[in-house]
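What follows is each chain in one-letter form.
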Amino acid sequence: MRVRRFLRISTVSTLAAVIGCAAQTLSVTQSEKPTGQEAYLYGRFFVEVKEGKLALDGHQTMGFVIKCASGETYTFRSSSDNVLQVIKIAPSMCSLTEFVQADADGQVRSRTRAPEKLMRDVKFEAGKAYYLGDFYAEVSTTPVGKSVSSVWSIKTVRNDYTSTSAALRAAYPNLAKLPTENRMIGR
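Keep in mind that what you see is a predicted model, and the values were worked out from it rather than measured. (Residues numbered from 1 in each chain as written. Predicted model: local features only at pLDDT ≥ 70, side-chain atom pairs only at ≥ 80, totals over all residues. Heavy atoms only, no water.)

Colleague: Summarise the overall build of the protein; cite the residues concerned and give the values.
Modeller: The helix and strand tally for the protein stands at two helices and 10 strands. For the protein, the sequential pattern of α-helices and β-strands runs α-β-β-β-β-β-β-β-β-β-α-β. Going through the 187 residues of the protein one by one, you find that 40% of them count as buried. For the protein, contacts bridging at least 24 residues in sequence account for 69% of all contacts bridging at least 6. Summing over all exposed atoms, the protein offers an accessible surface of approximately 10,800 Å²; the carbon and sulfur share of this is 55%. (Helix = DSSP H or I, 4+ residues; strand = E, 2+ residues; numbered from the N terminus. Buried < 20%, exposed > 50% of the residue type's maximum accessible area, 1.4 Å probe, protein only. Contact = heavy atoms within 4.5 Å. Areas by Shrake-Rupley, 256 points an atom, 1.4 Å probe, with all protein chains shown as cover.)

Colleague: Go over the pattern of salt bridges, please, and point to the residues and values.
Modeller: Taken as a whole and judged by the stated rule, the model has seven salt bridges. In this structure, glutamate 181 engages lysine 128 in a salt bridge whose closest nitrogen and oxygen atoms are separated by 3.1 Å. Of the two residues, glutamate 181 sits in strand E10 (residues 180–182) while lysine 128 sits in the loop between strand E7 (122–124) and strand E8 (129–144), which places them 53 residues apart along the sequence. In the salt-bridge network here, residues are joined through shared partners; they are Glu125, Lys128, Glu181 and Arg183. (Salt bridge = Lys/Arg side-chain N within 4 Å of Asp/Glu carboxyl O.)

Colleague: Describe empty space enclosed by the protein, with residues and values.
Modeller: On inspection of all chains with the given rule, the structure shows one cavity of 30 Å³ or more. What the largest cavity holds in volume is close to 100 Å³. In this structure, the largest cavity is lined by 13 residues; those nearest its centre are Ser95, Leu96, Arg120, Val122 and Ile185. For the lining of the largest cavity, the elements supplying multiple residues, two or more each, are strand E5 (92–102) and E7. Of the residues belonging to the lining of the largest cavity, the class tally is nine nonpolar, two polar and two charged. (1 Å grid on protein atoms, 1.4 Å probe; cavity = no way out; pocket = protein on both sides within 12 Å on 5 of 7 lines; lining within 4 Å. Points joined across faces, edges and corners; volume = space filled by probe spheres on them. Nonpolar A, V, L, I, M, F, W, Y, C, P; charged D, E, K, R; others polar.)

Everything listed here is a matter of coordinates, which is why it stays silent on function.
Structure (structure tokens):
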């Protein structure tokens, strides 16, 4: 009986994840070894938000969606621990296209088109790492009757290329020799 219940809950959870959860591109591991065929994007994507004790995903979050001419889409997920994120992409011409807002269970609550000034096409070449910026967002929630209204906003955007690039070289030793470029979003 317990096994059936577990399988039913697992199936429902998996189905919910496939249907409406915010997908993210996972950061590479610190032991990542570049082949020279890929490009890397990095930066900090921090969100100030209260942790949800019973939440599946831990906290509400915001994603930065980057779409490329190659047809690939990559999403940086804001985290509450302000860690450096590094993702591997196929070389291409890419642009920030939208922000995705998700609740504490990972369900997409809204999608917002990126402002035109941020939607700048950028060419990312193989064998390089590109700094996108340090972004600090917040989520505020307000009770509205028997539900809650959430507002996601970007508080601060910092160009901390030198410091964040030094953190990249220190935390990802195999990427340390890659040339880096400042391709801050919106610059």
